[in-house]
Amino acid sequence: MSAAEQDLIQALSDEEIGEIEKEITHLNGRKSAAIDALKIVQKHRRYVSDESLQAVANLLGMSFAELDGIATFYNLIFRKPVGEKVILLCDSVSCWIMGGVDIREKIKSKLQIEMGETTPDDKYTLLPMSCLGDCDHAPAMIVGEDVYRDLTNERIDEIFDE
Amino acid sequence: MPKIVVDGISYEVDAGNNLLEALLNLKRDLPYFCWHPSMGSIGACRQCAVIQYRDEDDDTGRIVMACMTPVSEGTIFSTDTDSAKEFRRDVIENMMINHPHDCPVCEEGGECHLQDMTVMTGHRNRTYSGPKNTFRNQYLGPFIDHEMNRCITCYRCVRYYSDYAGGVDLAAFASRNNTYFGRHQDGILESEFAGNLVEVCPTGVFTDKTLSEHYTRKWDLQSAPSICVGCGAGCNTSASERYGQLRRIHNRFNDQVNGYFLCDRGRFGAGFVNNEDRIPQAGIRDSEGKYDRVSAEEALSHVADQLANSSGKVVGIGSPRASLESNYLLKQIVGEGNFYSGVSSKEQELTNCIIDIMRDGSVKTPSLAEVEEADAVLVLGQDLTNTAPRLALAVRQSVRNRSKELAVQAQIPLWQDAAVRELAQDELSPLVLLTSYADRLEDVASLSCHASATDIARIGFAVANRLNDRFTAVDGLSETDQKTVEEVVEILKAADRPLIVSGTGSQSKSVIEAAANIAWALQADNEQTAIMLCVPECNSLGVGLLERENSNTLTDLLDSTDTISTAIVLENDLFRRASTQQITAFAAKLEQLVVIDSLDNATVSLSDVVLPAATFAETEGTLVNNEGRAQRSFAVFEGAGDIQGSWQWLTNLGKALSREGFAALERIDSVTAECERSNDLLSGITKVAPTADYRVEGMKIARMTHRASGRTAMRANINVHEPKQPVDQESALAYTMEGISGPRAPLSAYVWSPGWNSNQAVHKFQTETGGPLSHVNPGIRLIEPAGNGSPQERYREVPQPRAAGAGSLALIPRYHIFGSDEMSARSKAIAELAPSSYLAIAPETAQRLSVVSKDGVEFTIGNRTLQLEVVVDSSVDDGCALFPAGLADTLDLMHQAQVSLQKAAGWTPRTTTQDKLIAKE
């Protein structure tokens, strides 16, 4: 086995391979597991690196370009490193009417990062999101797996001070 | 035929068409982007919107996409109501939001489908004033430039590259305004058919890099219809010139041969015409061994004197890369018995065998268009992608016939591309590859085996026997081979339209014979059987037919004990035909070696007299492709200096020698006619294309476009008086913009119609979209196998299995699309991708020799000791060694069957050739 091949295997753990293979058994054809496989890698590593993407492509019998076309199509598959938690802040019209811009500025100054950036302690990455379907509680955002509604500057302080 | 109503006019249209096709077939205009006749509809671009009405009382209607709407009896449409026009205009305006206003510096400008469609929809004023997207462009190799900002996301590129051509390294990334078409990182596009992106892209995202280096607008190019000289497939090209240089090759539609697509060797391999090694003047070698430049007249009278006063025999050596006419004339000058075909006995034997099989006629030889119809393909010993690339692309389409069958069953129209693909998923028609090494078609093959030519032939003979027990049986097949035989038999028996493909690639007559036996055995039960046999060069089959009665080959000449004083070599580098030793010895015995060729080469270097020959771009001639189709190629421009077509040199030489019949030869047409008269097998070659006196409405056909600009200023830096344009006496084409062009002009190589400046205009030239051209014949098949006979077995000699492990390795040529072909390899862009020489061996062999990749091996051929770099390749059979065919330092290996290797002492590994493949930036 060449050094390059070994690197690729490290880009995908046995555990990940096991989970992906399990997904494949539910589906018709290995390629059909592409999105699930990317989600599995992301679950384990927060994001999908080039090396992991190549390893998944090899595992599913796809080319890098074909799989990366899928990975980059979905804005919730991350192809660059992100923090422990990803903040998805709604930038749609309802949240905008309800003061979404102020909230955005508040988060940016609270965490000292711009949109698309990660805090230096690697805790948070701030990304825009179009509509969380929570317009009756605008402005809204998701942090990690949790939804936060009716956001105010005070709520932002509370959430991030915790 | 259903009747439909469009804008109040009733039309009868073809059932099964979609509305866009139907309208284009009616020669009506309707803008579109994503639809392509070879790739069907996906409704992605929303450009061909029309209004469909429920019935006559419906006066509102609804918007539908014409390309996604089947025509059926009584349907009512409108293309020119305001709502439809407004919709189409808005679609363009949306695309223009991010499209740069860079037409003046864009290579696509002037032949841009997006420009045409923008004008056609009437969108003129941009209302968007915000910033535009800016993408980073990629380095995609020496052939193609990338400018993503121009993209309108029609998805044609990926649909062509991945879905049609099977490429895996081009994809659509991201979404919405960020959609990016490219590779996952900078690098050379892997597909051998990537060049078609230049014509498939409706705007300037993918453009021809070789054209960019000496860019000329489409309307300023002088073009003529040409035939690609890159291999035996005979693809039709439109070759274009400006300022005495060949600027580019574009596809020229021929529904029977290449359709809409070329391979990259064909498209980018014509740069040799501009090579600095071109021979511009005649030369005579003086006593010091240097060439004296002489005029054409001096050179001719010198050669005529030499020939007339020759002490011994005068021989002529023909060439499969020269036209029928040139070969014929040389034969007339030296006399039948003194003409040698210019290829080795081995190659002549293979070509003759192919002609035998084709002329037997009981099984039909398909055109490339018919290859795409096959529902099971068996390839025996031929690396299609690297020897007849366009055929490989056709075979790749054949595997999709299974999905088409499924679609027909499900009543889905075949133009519904996404639906047809979705339905079939991974189901493919069978393709079996029995080749000597890994083949580029393997991704769509249902079965592939790598074996030596002998083993391939043995499997082939056994398949024929299992299909029909009247055919010779094979003893002693291994169990694995036996299994392969059974699988192949099952596949072929189940097929409705089976196709057997083979050719000279494996250098084995047995392989070709086995292929014929299989076809004949199948034909007894299935009259739809077809056989396609590949020949190596652009006129191999033509010269084979010309030389059918006369079996003199170059090998015969080299072995001859006659005293030969003078040899005339026609467009042939003899070092590519026989060993260095043999050719050098032959040349040394000659008093005079006269060489007629276009580029300097090893044979030219030995010559006493050299006559500068035109390339395909500067002269006319007839070539015969591997299905026996004769096609004519025309001069694009006049050769510089004393350059003339070989046929002109030879006509003049014949006249100078007062050879019988030459006095009457005036024009190429008379030579073609004499050539046809001389040989029944060539009957029909005069009808391939219009003769020089052909006129349309009293006019010649213009090589330049009616918009050609600046011709009068071309030489203004030298003299403001414009010289007279050359007068073309050899064809119905004129070297001017005066004359006729367009769909009614049979020789027009310029595809243009009012409102349609891009190559998309071709539908105005066709009887129907994707169908034959209305005023051009697609060439004439000289051998037209009836395909309805009751075939007899002709071949009974089953080769004996190769003796295992005798310490020596069987030498097998591996072909390279970029590098193995003599002429295209001398084009700059192709040379950049040509491999360096190597010897590929199996891991087991490497272990025995204790070498690894990048080590050197040493071996002796004749009296030469050669060293080559080792490539360890697990797809190579133990006991075989693969060498790259056609490279200068591996030419001698072609004439050697076996080789004994040892590790080379003192080998310094080459610096990697990969360096030059990395982006310049």
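Residues numbered from 1 in each chain as written. Chains lettered and ligands numbered in written order. Predicted model: local features only at pLDDT ≥ 70, side-chain atom pairs only at ≥ 80, totals over all residues. Heavy atoms only, no water.

Peer 1: How do you make sense of the overall build of chain B when you look at a structure like this?
Peer 2: Along the backbone of chain B there are 26 helices and 36 strands. Relative to the globule expectation of 29 Å for 921 residues, the C-alpha radius of gyration of chain B, 28 Å, shows essentially globular dimensions. For the C-alpha atoms alone, the extent of chain B along its principal axes is close to 90 × 75 × 60 Å. Split into buried and exposed, the 921 residues of chain B put 61% on the buried side. Intrachain contacts of chain B at a sequence separation of at least 6 include 74% that bridge at least 24 residues. Just so you have it, chain B exposes about 35,000 Å², and 47% of that area is on carbon and sulfur atoms. Averaging the locations of the 85 positively and 121 negatively charged side chains of chain B gives two centres separated by 3 Å. (Helix = DSSP H or I, 4+ residues; strand = E, 2+ residues; numbered from the N terminus. Rg over C-alpha atoms; globule rule 2.2 N^0.38 Å. Buried < 20%, exposed > 50% of the residue type's maximum accessible area, 1.4 Å probe, protein only. Contact = heavy atoms within 4.5 Å. Areas by Shrake-Rupley, 256 points an atom, 1.4 Å probe, with all protein chains shown as cover. Lys, Arg positive; Asp, Glu negative; His and termini not counted. Charge placed at Lys NZ, Arg CZ, Asp CG, Glu CD.)

Peer 1: Looking at this structure, how should I read helix 2 (residues 82-96) of chain B?
Peer 2: Because an α-helix completes one turn every 3.6 residues, residues spaced three or four positions apart along the sequence face the same direction. Under the 1.5 Å per step criterion, the end-to-end length of helix 2 of chain B is 21 Å for 15 residues, consistent within 8% with the ideal 21 Å. Looking at the buried residues of helix 2 of chain B, the elements they touch are strand 3 (49-53), strand 5 (76-78) and helix 3 (113-121) of chain B. (Expected span 1.5 Å × (residues − 1).)

Peer 1: What's the story with the packing of aromatic side chains in this structure? I'm lost.
Peer 2: Given two aromatic rings, one states the distance between the centres and the angle between the planes to describe the pair. Residue and element names in this part refer to chain B. Applying the stated criterion to the full structure yields 15 aromatic pairs over all chains. Ring centres of Phe143 and Phe268 lie 4.4 Å apart, and the angle between their planes is 5°; this geometry places the pair in the stacked category. Of this pair, Phe143 sits in the loop between helix 3 and strand 6 (144-146) while Phe268 is found in helix 7 (residues 264-268), placing the two residues 125 residues apart along the sequence. Residue classification places Phe268 among the buried residues on the basis of a relative accessible area of 3%. (Phe/Tyr/Trp six-rings, centres within 6.5 Å; stacked < 30°, edge-to-face > 60°.)

Peer 1: What exactly am I supposed to notice about the pattern of salt bridges here?
Peer 2: Pairing is possible between side chains of opposite charge, provided their charged atoms come close. Residue and element names in this part refer to chain B. Counted under the stated rule, the structure contains 62 salt bridges over all chains. In this structure, the salt-bridge partner of Arg183 is Asp169, at a minimum N-O distance of 2.9 Å. In this pair, Arg183 is assigned in the loop between strand 8 (180-182) and helix 5 (197-200) and Asp169 in the loop between helix 4 (156-164) and strand 7 (171-173), connecting sequence segments 14 residues apart. Residue class for Arg183 comes out buried when judged on its relative accessible area of 9%. In this structure, Asp892 and Arg864 form a salt bridge, with 2.5 Å as the shortest nitrogen-oxygen distance. Of this pair, Asp892 sits in the loop between strand 34 (880-884) and strand 35 (898-899) while Arg864 is found in strand 33 (residues 864-872), placing the two residues 28 residues apart along the sequence. (Salt bridge = Lys/Arg side-chain N within 4 Å of Asp/Glu carboxyl O.)

Peer 1: So what exactly am I meant to see when it comes to the domain arrangement of chain B here?
Peer 2: Interface size, as often reported, equals the accessible area lost upon joining of the parts. All names here are of chain B. If you check the domain split of chain B, you get domain 1 (3-95), domain 2 (103-127 + 134-274), domain 3 (282-347 + 543-751), domain 4 (364-528) and domain 5 (809-903). If you average the C-alpha positions of domain 4 and of domain 5, the two centres end up 28 Å apart. If you look at the interface, domain 4 gives 14 residues, while domain 5 gives 11 residues. Buried surface at the junction of domain 4 and domain 5, summed over both partners, amounts to about 980 Å²; 60% is from carbon and sulfur atoms. Looking at the side of domain 4 facing domain 5, the largest losses of area belong to Asn386, Tyr437 and Gln507, adding up to 47% of the total buried there. Inspection of the region where domain 4 meets domain 5 yields 0 salt bridges. Run the count over domain 4 and domain 5 and you get 4 residue pairs in polar contact (both at pLDDT 80 or more). (Domains from an automatic or database assignment. Buried area = accessible area lost by both parts, 1.4 Å probe. Polar contact = N/O pair within 3.5 Å; in protein donor to acceptor, adjacent residues only side chain to side chain.)

Peer 1: I would appreciate a short explanation of the side chain of B:Thr845 in the present structure.
Peer 2: Residue and element names in this part refer to chain B. Examined against the element boundaries, Thr845 turns out to sit in helix 26 (residues 843-849). For Thr845, the side chain forms a polar contact with the side chain of Asp878, separated by 2.6 Å. When neighbours within four sequence positions are excluded, Thr845 is seen to be in contact with Leu809, Asp878 and Gly879.

Peer 1: Sorry, what's going on with helix 15 (residues 417-424) of chain B here?
Peer 2: Residues and elements named next belong to chain B. Three or more residues of helix 15 are buried, namely Asp417, Val420 and Ala424. Around the axis of helix 15, the buried residues are gathered within 70° of arc, so they sit on the same side. Next to the buried residues of helix 15 lie helix 4 and helix 14 (401-409). Gln425, located one to two residues past helix 15, shows a positive phi value of around 50°. (Arc of directions from axis to C-beta.)

Peer 1: When you look at the domain arrangement of chain A in this model, what are you seeing that I'm missing?
Peer 2: Parsing chain A into structural domains produces domain 1 (3-73) and domain 2 (85-161). Each of domain 1 of chain A and domain 2 of chain A has a C-alpha centre, and these two points are 30 Å apart.

Peer 1: It is not clear to me how the sheet that holds strand 33 of chain B should be interpreted in this structure. Could you clarify?
Peer 2: The strands making up a sheet are joined through hydrogen bonds of the backbone, oriented either antiparallel or parallel. Taken together, 7 strands build an open sheet; the order of strands is 35-30-34-31-33-32-36 (chain B) and the sheet is mixed. Bordering the open sheet on either side are strand 35 and strand 36 (902-903) of chain B, each of which pairs with just one other strand. (Pairing = 2+ DSSP bridges.)

Peer 1: Mind showing me how you'd approach the sheet that holds strand 12 (residues 245-251) of chain B here?
Peer 2: All names here are of chain B. Here 3 strands make up an open sheet; going across it, the order is 10-11-12 and the pairing antiparallel. Only two strands of the sheet have a single partner each, and these edge strands are strand 10 (222-227) and strand 12. On average, adjacent strands in this sheet sit at an angle of 30° to one another, irrespective of strand direction. Two elements, strand 11 (residues 236-242) and strand 12, share 6 bridges in a ladder whose sense is antiparallel. (Axes fitted to C-alpha atoms, helices over the stretch in contact; angles between N-to-C directions.)

Peer 1: What is the right way to read the interface of chain B and chain A from this model?
Peer 2: Facing the 9 residues of chain B at the interface are 8 residues of chain A. Taken as a group, B:Phe173, B:Ala174 and B:His184 account for 52% of the area that chain B buries against chain A, more than any other trio of residues on that side. The interface formed by chain B and chain A holds 0 salt bridges in total. Between chain B and chain A we count 2 residue pairs in polar contact (both at pLDDT 80 or more) in total. For the side of chain B that touches chain A, a count of residues per class yields 6 nonpolar, 2 polar and 1 charged. (Nonpolar A, V, L, I, M, F, W, Y, C, P; charged D, E, K, R; others polar.)

Peer 1: Even after reading the chapter, I still don't get the nonpolar core, so can you show me in this structure?
Peer 2: Inside soluble globular proteins, nonpolar side chains tend to come together where they are buried. Membership of the largest hydrophobic core comes to 143 residues, with the highest contact counts inside it found for B:Leu391 and B:Ile518. When near neighbours in sequence (up to four residues on either side) are disregarded, B:Ile518 contacts B:Leu378, B:Leu380, B:Gly460, B:Val463, B:Ala464, B:Leu467, B:Leu492 and B:Ile500. (Core = buried A, V, L, I, M, F, W, Y, C linked by side-chain atoms within 4.5 Å.)

Peer 1: When you look at the environment of B:Val13 in this model, what are you seeing that I'm missing?
Peer 2: Residues and elements named next belong to chain B. With respect to the helices and strands, the residue Val13 is situated in the loop between strand 2 (9-12) and helix 1 (19-25). Sequence spacing of Val13 and Leu557 is 544 residues, and the spatial spacing of their C-alpha atoms is 62 Å. Excluding residues that lie within four positions of it along the chain, Val13 makes contacts with Met1, Pro2, Ile4, Ala22, Leu26 and Val71.

Peer 1: Help me out: how do you make sense of the packing of helix 14 of chain B against helix 15 of chain B in this one?
Peer 2: In a pair of packed helices, the angle between the axes and the distance between the axes together describe the arrangement. All names here are of chain B. Relative to each other, helix 14 and helix 15 sit at 100°, their axes nearing to 9 Å. Judged by the inter-axis angle, helix 14 sits roughly perpendicular to helix 15. Contacts between helix 14 and helix 15 involve Ser403, Leu406 and Ala407 from the former and Val420, Leu423 and Ala424 from the latter. Residue composition of the contact of helix 14 with helix 15, by class: 5 nonpolar, 1 polar and no charged. (Parallel < 35°, antiparallel > 145°, perpendicular 65-115°, else oblique.)

Peer 1: Is there a simple way to explain the pairing of strand 10 of chain B in this structure?
Peer 2: Here is the key point about a regular strand: its side chains alternate between the two faces of the sheet. All names here are of chain B. Among the 6 residues of strand 10, 6 are classified as buried, and the element is accordingly described as predominantly covered. Burial along strand 10 is two-sided: the face carrying Gln222, Ala224 and Ser226 and the face carrying Ser223, Pro225 and Ile227 are both buried. As judged from the 6 bridges shared by strand 10 and strand 11, these two strands associate in the antiparallel manner. Paired with Gln222 across the two strands is Glu241, which belongs to strand 11.

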